[in-house]
Amino acid sequence: MHIPDGFLNTATAAATYVVSAGGVGYSIKEANKKLGEKHVPLMGVMGAFIFAAQMLNFPVMGGTSGHLIGGALAAILLGPWAGALIMTCVLIVQALVFQDGGITALGANVFNMALLACFAGYYLYRAVVSLMGENRTGTLVGGFVGAWASVFVAAIACAIELALSGRVPLGVALPAMAGVHALIGIGEGLITAVVLSFVMATRADLLQLQKV
Amino acid sequence: MKHSFIDKYSDLDSFIHRLDPRTRILSTLAFILAVMVTPPTAWEAFALYFVLLAALIILAQLPPLYVLKRSSVVLPFVLMVAVFVPFMGHGEMTGSYNVWVWRVSLSHEGLLVLWNMLVKSWLSALALILLSSTTRFPDLLKGLERLGVPRVMVMILSFMYRYIFVLADEVMRMRRARDSRGGLGTRVWGREQLRQIRTVGNMIGTLFIRSYERAERVYGAMVARGFDGQVRTLSALRFRRADWGFGAAFCAALLLIGLITVIS
């Protein structure tokens, strides 16, 4: 759901740019405060990790394949602000190098897929874990729910932005985006849960990292 | 891993490649903004924008077919979101067809909205392909930094660029190992599909642990060499006469296209 250039009107593009710039600026400050000078190499390598993880495809249906998006995973492992910062870097590289998402729409894409996705994913995960207890089941269910929601809210925000720009009526964009991404979210949720299960089995200490 | 994985053709040598990265970044931004504010019915303006880009692509010695193929990246989004728009509009209808049992009407207004999104996203993608195929990524980052993008962001992006190659190599090795062990079944339904998802999840988990440990080692090595949170680099960026000339000519071309649009 990377929005290309030309899909947003000037007002929506500018408004989302302002909000995203503020959010990313704050996330840099948070990362710097909590991780010190270590945040630069850590965030950079983690950005490369998400980027590389997105290269791994899994079959979806009818011969198509999907891949992990990773916003919720990054947020659950490293915290919502760190996750948002990492996803912003991934989105910048995707826009500049692969034209996946436009430059004028970068603000909107960062808002949807970095800020909203990471915060929705992280806090839903926390909510489920606090309901079901800090055990294997709680972590896996929380990971699934958080990852599913991260995709779903990003898609809804994307539909609303397109509608606000007067490009697509909300009645068309919302059901289309929400429907497709409710399905995509299942794959994201399953993969995220498996990753968390694997990390728990091999390096459980990495799930207890300081959250940024 | 091939070095050109990220910025293919950026090591060619042409007039465009020799410009200062900032000239190319600013020109690309100006172009995309100009396209963004052009009204959708300004047909000749879009044609002229395309001619301008095509001329620069030829001048930069990029293979036209490669550029065209890469610009198709905007299509999935258009197909998913926008392709229904012409059938939903209310305004003046341009035509109405019977497709099997449905009566399909195309609205003029809807077609215009679709055209607006399609042409603008495509032209912008072409401009960005021109930028990323003529600018090496480290130069692009250096240019962005000198143009005022926060230094921390640029530093994180440089680290990311550095390690994308390492980790992408790692992913390719893991994928090869999986495939040679029969990790990809032909039947992809039910349990087999779940098994493949579990395999990919475990691979990503391994990749995360390796990446995190690598980040720790990298940081340790940096601290051992006196890292204090600042990265000091030499920056030899300099606007030369060619940059001023290109910038002026490019802005003049954009203004001319704007003028033609206003007049007609």
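The residue numbers shown here count from 1 along each chain, following its written sequence. Chain letters start at A and ligand numbers start at 1, both assigned in the order the entries are written. Side-chain atom pairs in this predicted model are given and counted only at pLDDT of 80 or more, local residue features only at pLDDT of at least 70, and totals for whole chains, interfaces and linings cover all residues. Hydrogens and water are ignored here; the side-chain numbers use all heavy atoms of the structure.

1. Let's talk about the overall build of chain B
For step 1, the next point in the chain: On a plain count of helices and strands, chain B comes out with 11 helices and 2 strands.
For step 2, the next point in the chain: Listing each helix as α and each strand as β along chain B from the N terminus yields α-α-α-α-α-α-β-β-α-α-α-α-α.
For step 3, the next point in the chain: Here the term buried applies to any residue with accessible area under 20% of the maximum for its type, exposed to any over 50%, and partly exposed to those in between, with areas from a 1.4 Å probe on protein chains only. Expressed as a percentage of the 264 residues in chain B, the buried residues total 45%.
For step 4, the next point in the chain: By definition in these notes, contact holds between two residues if any of their heavy atoms fall within 4.5 Å. Restricting the contact set of chain B to residue pairs at least 6 apart, pairs at least 24 apart contribute 74%. The way it works is that DSSP assigns letters per residue, a run of H or I at least four long becomes a helix, a run of E at least two long becomes a strand, and they are numbered from the N terminus.

2. Let's talk about the overall build of chain A
For step 1, the next point in the chain: The helix and strand tally for chain A stands at 7 helices and 2 strands.
For step 2, the next point in the chain: Against the globule reference of 17 Å for 212 residues, chain A gives a C-alpha radius of gyration of 17 Å, in line with a compact fold.
For step 3, the next point in the chain: Judged by the C-alpha coordinates and their principal axes, chain A covers about 50 × 45 × 30 Å.
For step 4, the next point in the chain: Relative to its 212 residues, chain A shows a buried fraction of 63%.
For step 5, the next point in the chain: Looking at chain A alone, contacts between residues at least 24 apart form 73% of all its contacts between residues at least 6 apart.
For step 6, the next point in the chain: Accessible areas in this description were obtained via Shrake-Rupley with a 1.4 Å probe; residue shielding takes into account the shown protein chains only. When the accessible area of chain A is evaluated, it comes to approximately 6,900 Å², of which 69% is carbon and sulfur surface. Our radius of gyration is a C-alpha quantity, and the globule rule it is checked against amounts to 2.2 Å times the number of residues to the power 0.38.

3. A short note on helix H4 (residues 64–71) of chain B
Think of an α-helix as 3.6 residues a turn; residues three or four steps apart then line up on the same face.
Residue and element names in this part refer to chain B.
For step 1, the next point in the chain: All buried positions along H4 are accounted for by Tyr66, Val67, Arg70 and Ser71. Seen end-on, H4 carries its buried residues on one side only, within an arc spanning 130 degrees. Of the residues in H4, the exposed ones pointing more than 90 degrees away from the buried face are Pro64, Leu65 and Lys69. Each direction from the helix axis to a C-beta atom contributes to the arc, which is the arc of those directions.

4. Things to note about the confidence of the model for chain A
For step 1, the next point in the chain: For every residue, the predictor reports its confidence as pLDDT, a number between 0 and 100. For chain A, per-residue confidence averages 89 on the pLDDT scale, and 99% of positions sit at 70 or higher.
For step 2, the next point in the chain: No element of chain A has a lower mean pLDDT than strand S1 (residues 57–59) of chain A, at 77, and none a higher one than helix H5 (residues 106–132) of chain A, at 94.

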